[in-house]
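Structural overview for review
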Amino acid sequence: MVLALTVCGIVVALVVVGLFLFGLRRRLIQRSGGTFDCSLRWDVPEKPDTGGKGWSYGVARYNGDRIEWYRVFSYALRPRRVLERAQIEVAGRRLPDGEEELALLSDAVVLACTHRGTRLELAMSEDALTGFLAWLEAAPPGQRVNVA
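The structure presented is a predicted model; accordingly, all values stated were derived computationally and were not measured.

What counts and what doesn't
- Residues numbered from 1 in each chain as written.
- Predicted model: local features only at pLDDT ≥ 70, side-chain atom pairs only at ≥ 80, totals over all residues.
- Heavy atoms only, no water.
- Helix = DSSP H or I, 4+ residues; strand = E, 2+ residues; numbered from the N terminus.
- Expected span 1.5 Å × (residues − 1).
- Buried < 20%, exposed > 50% of the residue type's maximum accessible area, 1.4 Å probe, protein only.
- Contact = heavy atoms within 4.5 Å.
- Polar contact = N/O pair within 3.5 Å; in protein donor to acceptor, adjacent residues only side chain to side chain.
- Phe/Tyr/Trp six-rings, centres within 6.5 Å; stacked < 30°, edge-to-face > 60°.

**Brief notes about helix 1 (residues 2-30)**
Look at helix 1: 42 Å from first C-alpha to last across 29 residues, which is about the 42 Å you get at 1.5 Å a residue. Within helix 1, the full set of buried residues consists of G18, R25 and I29. Buried positions along helix 1 lie against strand 1 (35-37), strand 3 (58-63) and strand 4 (66-71).

**Quick word on the side chain of E121**
Within the fold, E121 resides in strand 8 (residues 118-125). What makes E121 buried here is its relative accessible area of 2%. A polar contact is formed between the side chain of E121 and the side chain of R41, at a distance of 2.6 Å. Side chain to side chain, E121 and R94 meet in a polar contact 3.1 Å long.

**Some thoughts on the environment of A76**
Topologically, A76 is positioned in the loop between strand 4 and strand 5 (81-84). Given a relative accessible area of 36%, A76 falls into the partly exposed group. Placed 29 residues apart in sequence, A76 and L105 show a C-alpha to C-alpha distance of 23 Å.

**Points about the packing of aromatic side chains**
On inspection of all chains with the given rule, the structure shows 3 aromatic pairs. Ring centres 5.2 Å apart and planes at 40° place the aromatic pair F36 and Y62 in the tilted group. With F36 in strand 1 and Y62 in strand 3, this pair connects stretches of sequence that are 26 residues apart. Using a relative accessible area of 10% as the deciding quantity, one classes F36 as buried. Relative to W135, the ring of F132 lies with its centre 6.0 Å away and its plane at 35°, an arrangement referred to as tilted. On the criterion of helical spacing, the pair formed by F132 and W135 is a turn pair, its members being 3 residues apart in helix 3 (residues 126-137). By way of ring pairs, the aromatic residues F36, Y62, F132 and W135 are connected into one cluster.

Listed below in structure tokens is the structure:
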């Protein structure tokens, strides 16, 4: 009986510590500001699948001329993807279709892009999209920006 209570206590303590570290990581990412909720689908085929597969929920952070994208459900302190402003080309935008509506946040808009030749899609709120497109267009003089 004592052993079972000890094991249960250890499991509960580990879960609490894990949740604390998870929240601390999120707080550290958002501490510097300039963050927004952003789902990402990397290496999208020519005809995207609207079945909702391939989307990863995350948080994106502006950092100078880069966007750093972090997975929400991770303990990693480094960004999973880094997108340079000069390498992002916007191909179009659309509303989520089919099962994507279930995989993404309710007010999401999907932005089709390429980054260094890799097709990707970003899903974010309309407000975040406005800020993202303004950030892209605010590139320093001489940088090529392709916004459709």
